[in-house]
Amino acid sequence: MRQRPYLQVDVFTPEPYRGNPLAVVLDGEGLTAEAMQQFTNWTNLSEATFVLPPTPEGRAAGADYRVRIFSPGRELPFAGHPTLGSCHAWLQSGGQPLVAGRVVQECGVGLVALRQDDDRLAFAAPPLIKSGPLDEADVARIAQGLGVARSDILHHAWCDNGPNWRGVMLRSGAQVLALKPDGAILAGLDVGVVGPRGKVGVVGSSDADGIAFDVRAFFPGNNGLAEDPVTGSLNAALAQWLIGAGLAPARYVASQGTALGRAGRVHVEQDGSDIWVGGHTVTCISGTVRL
């Protein structure tokens, strides 16, 4: 064991303790997957990441660093808020990208590009592994587990970009925020729920806070059903689905975490063939950990 530099970063918020926290170990060299998993479980956070040098293949392809992403009980090939938080931590610790203004992260799904948008970081949404409508049996089960009528699910799709998200759109953001899901019925499912504020797919100019959608994410964890405060991977997949289907404009802001007392804001923008998903990041804890 040795002392390793460590940051705890809050993601998708400019205000500390209002987004989704992430543990970042900035020197993961020499750690086994078992040690990384054990530390992740100990943090009691939704994810922890371990920053490493790129593989030779990754370096040849332009990667600036490699990251391994863990959640309680499993390693993830990709996750959004750990991508933004790890990039923030890498830059704060003195990381210098190979190309100015552009950072390339290597992770389980391959290479992920990041850019700086004013005072926010944003990542290019990786391609969906699985898309298209859900099976009707899944939709009926999700409706029952969410405690809504099947007719309240207006649209649905696979939103799988590593995590196996199933996405459903309800009638309104208010309905999304009022959900009290049944963990027994939804056991084993990763479910993302989105509800528009105002008319479907329209960033209503009448919305005082400029929010187009309310989002909630439910997944197996903590010996039952867990809710993620703010979820980059889900919002990236939702954006690809909703924009592609004409259910959302090419640029919008989603709110997530309200039901948990957070104030996450996810900024989505389509730029050509890429969809960029971004938010503010802020360091809350800086020090070392013994690993």
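Below you will find a few notes about this structure.

Brief notes about the side chain of Asn161
Line of reasoning, step 1. Relative to the helices and strands, Asn161 resides in the loop between strand S9 (155-160) and strand S10 (164-169).
Line of reasoning, step 2. At 2.9 Å, the side chain of Asn161 and the backbone oxygen of Ser233 are in polar contact.
Line of reasoning, step 3. If we skip the residues at most four places from it in the chain, Asn161 touches Phe78, Val109, Pro126, Pro127, Leu128, Ile129, Ser233, Ala236 and Ala237.

Here we look at the packing of aromatic side chains
Line of reasoning, step 1. Per the counting criterion, the structure on display carries 7 aromatic pairs.
Line of reasoning, step 2. Ring geometry for Tyr6 and Phe39: centres 6.1 Å apart, planes at 85 degrees, overall edge-to-face. Here the residue Tyr6 occupies a position in strand S1 (residues 3-11), and Phe39 occupies one in helix H1 (residues 33-43), the gap between them amounting to 33 residues. Phe39 shares its class with Tyr6; the two are buried.
Line of reasoning, step 3. Every member of this aromatic cluster is reached through a ring pair, and the members are Tyr6, Phe39, Trp42, Phe50 and Phe70.
Line of reasoning, step 4. If you follow Arg115 out to its NZ or CZ, it ends over the ring of Trp276, 4.3 Å from the centre.
Line of reasoning, step 5. Against the face of Trp158 rests Lys130, its NZ or CZ located 3.9 Å from the ring centre.

Here's the deal with the pairing of strand S6 (residues 102-107)
Line of reasoning, step 1. Of all 6 residues in S6, 5 are buried; the element is thus mostly enclosed.
Line of reasoning, step 2. In the sheet, strand S4 (residues 65-71) pairs with S6 via 2 bridges, with the strands oriented parallel. Among the inter-strand pairings, Arg66 is bridged to a residue of S6, identified as Glu106.
Line of reasoning, step 3. Two strands pair when backbone bridges link them, and S6 and strand S7 (residues 110-117) are joined in this way by 6 bridges, in the antiparallel orientation. Bridge pairing in S7 links Glu106 to Leu111.

Quick notes on helix H4 (residues 136-146)
Because each turn of an α-helix spans 3.6 residues, side chains separated by three or four positions in sequence point in the same direction.
Line of reasoning, step 1. Within H4, burial applies to Asp138, Val139, Ile142, Ala143, Gly145 and Leu146. Take H4 and look down its axis: the buried residues cluster within an arc of 165 degrees, on one side only. With respect to the buried face of H4, the exposed residues turned more than 90 degrees away are Ala137 and Gln144.
Line of reasoning, step 2. Looking at the buried positions of H4, the neighbouring elements they touch are S9, S10, strand S11 (190-196) and strand S12 (213-221).
Line of reasoning, step 3. Of the residues one or two after H4, Gly147 is the one with positive phi, at around 80 degrees.

Focus: the environment of Phe12
Line of reasoning, step 1. Residue placement: Phe12 occurs in the loop between S1 and strand S2 (20-25).
Line of reasoning, step 2. Distance from Phe12 to Thr281, taken between C-alpha atoms, is 5.9 Å for residues 269 residues apart in sequence.
Line of reasoning, step 3. Apart from the residues within four sequence positions on either side, Phe12 is in contact with His81, Leu84, Val230, Thr231, Gly232, Ala263, Gly264, Arg265, Val266, Gly278, Gly279 and His280.

About the thresholds
- Residues numbered from 1 in each chain as written.
- Predicted model: local features only at pLDDT ≥ 70, side-chain atom pairs only at ≥ 80, totals over all residues.
- Heavy atoms only, no water.
- Helix = DSSP H or I, 4+ residues; strand = E, 2+ residues; numbered from the N terminus.
- Polar contact = N/O pair within 3.5 Å; in protein donor to acceptor, adjacent residues only side chain to side chain.
- Contact = heavy atoms within 4.5 Å.
- Phe/Tyr/Trp six-rings, centres within 6.5 Å; stacked < 30°, edge-to-face > 60°.
- Buried < 20%, exposed > 50% of the residue type's maximum accessible area, 1.4 Å probe, protein only.
- Lys NZ or Arg CZ within 6 Å of the ring centre and 35° of its normal.
- Pairing = 2+ DSSP bridges.
- Arc of directions from axis to C-beta.

Read these as spatial facts, not as claims about activity.
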